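Given next are the chains, with one letter for each unit.
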Amino acid sequence: MRQVQQRTGGIGVRLQPGWWFVGLNSMFMVIFSLVILYPFWQVVVLSFSDGREATTLGFHFWPSTWSFEAYRFLLSSGEIVRPYMNSILRTALGTILEVLFTILAAYPLAKKELPFRGGITTYFIIPMFFSGGLIPTYLIIRSLGLLDNFLVLIIPGAVAIFSIIIMRNYFMSLDTAIEESAVIDGAGYLTLLFRIILPVSTPVLATIALWAAVEHWNAWFDAMIYIRNRNLTVIQVIMREMLASVSEQSNDLMFNNNAQQAQLAMSNVRSGIALLSIGPIILIYPWMQKYFIKGAMIGSVKG
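Throughout, a residue's number is its position along its own chain's written sequence, starting from 1. Only residues with pLDDT of at least 70 get local features here, since the model is predicted, and only at 80 or more are side-chain atom pairs given and counted; chain-wide, interface and lining totals rely on the full set of residues. Hydrogen atoms and water are omitted, and side-chain values are computed over all heavy atoms in the structure.

Under the rule applied, a polar contact is a pair of N or O atoms within 3.5 Å (in protein, one hydrogen donor and one hydrogen acceptor; residues adjacent in sequence only if both atoms are side-chain atoms). Working definition: helices are DSSP H or I runs of at least four residues, strands are E runs of at least two. Numbering for both runs from the N terminus. Structurally, the start of helix H8 (residues 176-184) carries an N-cap: the backbone nitrogen of Ala 177 is 3.1 Å from a side-chain oxygen of Asp 175. Positive backbone phi, approximately 95°, marks Gly 186, located one or two places after H8.

Next up, the structure:
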């Protein structure tokens, strides 16, 4: 393969064929990444800007005056603190319950000796494509007494069919010799699952947990439909309501104090609550990312 050599200041530089493509591709990816990251950075800047700067048009790469009034206002209001705690509690309990049920459903389905395994798998798959709809679901929730109950945000989503299929495929891809040697030593199914299988299933467990956490954290429609008690609602519902309040009339009703109105604007509050609402997921995702792709790929290649 021919190499091109350039001499600059007496130093030989060897350029591999196709170096221009690599350079242009790298430049394109940098520009593309900046285009994607700028809207998020704009939200960060607006959340830390004062009201006068937030209401001006144009690009804001850095706050000219740092202000924490938006966060001080949001955190001092009981309207956001309780829903924020509810979202954290929902995400934690919902993720744990979903991962547990996924494990308990996927492990038996991965066993070829399970009677009627094909029929049971089909029974699980059908609800992925067909559902009863909103009205029948609401009637079932009401008949179970879950209206205005915090458990309505956790129990209906405890069984995730797609996650069960992914974890089942992952379990089927493991070498059976690991289990056979443990069975010879007298291990039962629960011992095999919790002491042999799960310790080597970290990638798929992290992937399922991340899916469940993101789904529960971002969910708002079920809380809007089934929850009327403001003490049981979640931060996403409050965020939706505040993002909808964009008119001057809503702004005047929310900030009726002139001094405070000079320091705060609706864009400050919207940006602040947006950052608060995505904060936990942004903190969790970098730690889970190294398992995410591996777990999703391994769990999707075996049928």
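Looking now at the pattern of salt bridges. Counted as salt bridges are all cases of a side-chain nitrogen of Lys or Arg within 4 Å of a carboxyl oxygen of Asp or Glu. This structure, assessed with the given rule, holds two salt bridges. Between Asp 222 and Arg 90 there is a salt bridge whose closest N-O contact spans 2.6 Å. In this pair, Asp 222 sits in helix H11 (residues 221-226) while Arg 90 sits in helix H4 (residues 78-109), placing the two residues 132 residues apart along the sequence. Buried residues are those whose accessible area, probed at 1.4 Å on protein chains only, stays under 20% of the maximum for their type, while exposed residues exceed 50% and partly exposed ones sit between those limits. According to the relative accessible area criterion, Arg 90 is buried, its value standing at 3%. The residue Lys 111 makes a salt bridge to Glu 179 at a minimum N-O spacing of 2.4 Å.

Attention now goes to the packing of helix H5 (residues 117-129) against helix H7 (residues 161-173). For the pair H5 and H7, interaxial distance at closest approach is 9 Å and the crossing angle is 145°. From H5, Arg 117, Thr 121, Phe 124, Ile 125 and Met 128 reach across to H7, where they touch Ile 161, Phe 162, Ile 164, Ile 165, Arg 168 and Met 172. Each residue gets one label: Ala, Val, Leu, Ile, Met, Phe, Trp, Tyr, Cys and Pro are nonpolar, Asp, Glu, Lys and Arg are charged, and the others, such as Gly, are polar. Residue classes in the contact of H5 with H7 are distributed as eight nonpolar, one polar and two charged. Axis definition: a line fitted to C-alpha atoms, limited for helices to the stretch in contact. Angles are taken between N-to-C directions and run from 0 to 180 degrees. Contacts: residue pairs with any heavy atoms within 4.5 Å of one another.

Below, the discussion takes up the packing of aromatic side chains. Ring pairs are drawn from Phe, Tyr and Trp, using the six-membered ring of Trp, whenever the two centres fall within 6.5 Å, and their geometry is named by plane angle: stacked under 30 degrees, edge-to-face over 60, tilted for the rest. Tallied over the full model, the rule gives nine aromatic pairs. A ring pair is formed by Tyr 84 and Trp 217, whose centres lie 5.8 Å apart and whose planes are at 85°; its orientation type is edge-to-face. In this pair, Tyr 84 is assigned in helix H4 and Trp 217 in helix H10 (residues 202-218), connecting sequence segments 133 residues apart. Of the two residues, Tyr 84 and Trp 217, neither departs from the other in class, the shared state being buried. Ring geometry for Trp 220 against Phe 221: centres 5.8 Å apart, planes inclined by 85°, an arrangement best described as edge-to-face. Taking relative accessible area as the criterion, Trp 220 reaches 32% and is therefore assigned partly exposed. Members of the aromatic cluster, joined through ring pairs, are Tyr 107, Tyr 170 and Phe 171.

One non-glycine residue, Phe 116, lies in the positive phi region at around 55°. Along the polypeptide, Phe 116 turns up in the loop between H4 and H5. For Asp 148, which is not glycine, the phi torsion reads 55° and is therefore positive. With respect to the helices and strands, the residue Asp 148 is situated in the loop between helix H6 (134-143) and H7.

Glancing now at helix H9 (residues 189-197). Listed as buried for H9 are Leu 192, Leu 193 and Ile 197. Buried residues in H9, looked at end-on, bunch into an arc of 95°, giving them a common side. Those residues of H9 that are exposed and aimed more than 90 degrees away from the buried face are Leu 190 and Arg 195. In this description, the arc belongs to the directions extending from the helix axis to the C-beta atoms.

A few words on the side chain of Thr 91. Relative to the helices and strands, Thr 91 is located in helix H4. Reaching out from Thr 91, the side chain makes a polar contact with the backbone oxygen of Ser 87 at a distance of 2.8 Å. In contact with Thr 91, not counting residues within four places along its chain, are Ala 213, His 216 and Trp 217.

The next subject is the environment of Tyr 170. As for its placement among the helices and strands, Tyr 170 is situated in helix H7. The sequence separation of Tyr 170 and Ala 110 amounts to 60 residues, and the corresponding C-alpha distance is 8.6 Å. At 2.8 Å, the side chain of Tyr 170 forms a polar contact with the backbone oxygen of Val 200.

Our focus in this paragraph is the packing of H8 against H9. Between H8 and H9, the shortest axis-to-axis distance is 11 Å and the interhelical angle comes to 125°. The orientation of H8 with respect to H9, classified from their angle, is oblique. For the pair H8 and H9, the crossing hand works out as right-handed. Between H8 and H9, the contacting residues are Ile 178, Glu 179, Ala 182 and Val 183 on the first element and Leu 192, Ile 196 and Ile 197 on the second. In the contact of H8 with H9, the residues fall into six nonpolar, no polar and one charged. Throughout this description, any angle smaller than 35 degrees is read as roughly parallel, any larger than 145 degrees as roughly antiparallel, any in the 65 to 115 degree range as roughly perpendicular, and the remainder as oblique. Crossing handedness: left-handed means the near helix sits turned counterclockwise from the far one by under a right angle, and right-handed means the same turn made clockwise.

Bringing the nonpolar core into the picture now. Grouped together as the largest cluster of nonpolar side chains are 23 residues, with contacts concentrated most on Ile 103, Met 167 and Phe 171. For this core, the elements supplying multiple residues, two or more each, are H4, H7, H9 and H10. By size, the runner-up hydrophobic cluster in this structure holds 18 residues, among which are Leu 74, Trp 217, Val 269 and Leu 276. Here, nonpolar core means buried Ala, Val, Leu, Ile, Met, Phe, Trp, Tyr and Cys residues that are tied together by side-chain atoms lying within 4.5 Å of each other.

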